Every structure is written in structure tokens, then in C-alpha cells.
Amino acid sequence: MTIGLAPVAAFASAARFSQDHAPSYAGLGLAELRLGNFSEAQIAFMNAALIEDRSLYWALSAIAALRSGAEVVARTLFDAMQAAIQDDDPATRFVRAVY
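Worth saying up front: this structure is predicted, and the values here are computed from it rather than measured. (Residues numbered from 1 in each chain as written. Predicted model: local features only at pLDDT ≥ 70, side-chain atom pairs only at ≥ 80, totals over all residues. Heavy atoms only, no water.)

*Asks:* Before we go on, may I ask you to explain the overall build of the chain in this structure?
*Replies:* Summing up its helical and strand segments, the chain has six helices and zero strands in all. Mapped from its N terminus to its C terminus, the chain presents α and β elements in the order α-α-α-α-α-α. Taken over the C-alpha trace, the chain has a radius of gyration of 13 Å; the compact-globule value for 99 residues is 13 Å, and the two agree within 12%. Dimensions of the chain along its principal axes, counting C-alpha atoms only, are 35 × 25 × 20 Å. Going through the 99 residues of the chain one by one, you find that 40% of them count as buried. A total of about 5,400 Å² of accessible surface is found on the chain, and carbon and sulfur atoms cover 61% of it. (Helix = DSSP H or I, 4+ residues; strand = E, 2+ residues; numbered from the N terminus. Rg over C-alpha atoms; globule rule 2.2 N^0.38 Å. Buried < 20%, exposed > 50% of the residue type's maximum accessible area, 1.4 Å probe, protein only. Areas by Shrake-Rupley, 256 points an atom, 1.4 Å probe, with all protein chains shown as cover.)

Quick look at the structure:
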């Protein structure tokens, strides 16, 4: 299944409209990740994490960094994830297993 630019535009608009709504940034990150825009996805997930300090958002940001080849950045995001509110989700468990 191919994803177009419409979801990216919709989530980007939602994030601009409600700049303190972490799920909007997380949705934008997922859409960017699906398109292969790993750096943009990482930034969107980091914005979500800065709004709502949850390990899920830090983990997704670390995964995006790994996908873009930024191992040092991913490790730094892992360290931030360890200090966040801990979630029990597949992304957090994956990043914990990697490190």
C-alpha cells in the first residue's frame, strides 16, 4: 500500500494548529517514516516527546534516527527515553533490546 503526501499535510496542519498536541506530531512522524523521510520523522517524534515526555515518542524518534543511519543520535535518544515516563509498547521494547 502506498501512502501519499495527504497524510503528511494533514498531520503537519494539525501540528501547526495545535502545537501542544503530541499525537499530531506522532502522526506526522509515522507518515514521514512510511514515506522514508527518516530525518523528518525523527524531528516530528522528538517534538511529540518534548511535549509529552513518554518513552514511546523517544523510542520512535530513535528508530527513525537508526533508519537514517544516525547511530550516535539514536543512542542519545535512547538515553532520553530511559528518563521519560515508561510505556510498555513495541517501539520502546525494541529500542531497549537494541541497546
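Moving on from the coordinates now.
*Asks:* Can you help me understand the packing of helix α5 (residues 71-83) against helix α6 (residues 90-98) in this one?
*Replies:* Each pair of packed helices can be described by the angle between their axes along with the distance between the axes. Where α5 contacts α6, the axes come no closer than 11 Å and their chain directions differ by 120 degrees. Taken together, the axes of α5 and α6 are oblique relative to one another. Relative to α6, α5 is oriented so that their crossing is left-handed. Only Thr92, Val95 and Arg96 of α6 make contact with α5, whose side of the interface consists of Phe78, Met81 and Gln82. (Axes fitted to C-alpha atoms, helices over the stretch in contact; angles between N-to-C directions. Parallel < 35°, antiparallel > 145°, perpendicular 65-115°, else oblique. Left-handed = near helix turned anticlockwise from the far one by under 90°. Contact = heavy atoms within 4.5 Å.)

*Asks:* Is there a simple way to think about the nonpolar core in this case?
*Replies:* One recurring pattern in soluble globular proteins is that nonpolar side chains are buried together. Residues Leu33, Phe45, Ala48, Tyr57, Trp58, Met81 and Val95 are the most contacted members of the largest nonpolar core, which totals 25 residues. Elements that contribute at least two residues to this core include exactly α2 (22-35), α3 (38-51), α4 (55-67), α5 and α6. Looking at this core element by element, the count peaks at eight residues for α4. Among the nonpolar cores identified, the runner-up in size contains five residues, and Val8, Ala12, Leu28 and Ala31 belong to it. (Core = buried A, V, L, I, M, F, W, Y, C linked by side-chain atoms within 4.5 Å.)

*Asks:* Sorry, what's going on with the pattern of salt bridges here?
*Replies:* Pairing is possible between side chains that carry opposite charge, provided their charged atoms lie close to one another. Counted under the stated rule, the structure contains three salt bridges. Arginine 54 is paired through a salt bridge with aspartate 87; the nearest N and O atoms lie 2.3 Å apart. Pair noted here: arginine 54 is in the loop between α3 and α4 and aspartate 87 is in the loop between α5 and α6, with a separation of 33 residues, a long-range link. Here aspartate 88 and arginine 93 are joined by a salt bridge, their closest N and O atoms 2.9 Å apart. Using a relative accessible area of 66% as the deciding quantity, one classes aspartate 88 as exposed. With relative accessibility at 41%, the residue arginine 93 sits in the partly exposed group. (Salt bridge = Lys/Arg side-chain N within 4 Å of Asp/Glu carboxyl O.)

*Asks:* Is there a simple way to think about α2 in this case?
*Replies:* Since the α-helix turns once every 3.6 residues, residues separated by three or four places project in the same direction. For α2, spanning 14 residues, the distance from its first C-alpha to its last is 20 Å, which sits close to the expected 20 Å at 1.5 Å a residue. For α2, the tally of buried residues reaches 10 of 14 residues, placing the bulk of the element in the interior. Among the residues of α2, those classed as buried are Ala22, Ser24, Tyr25, Ala26, Gly27, Leu28, Gly29, Ala31, Glu32 and Leu33. (Expected span 1.5 Å × (residues − 1).)

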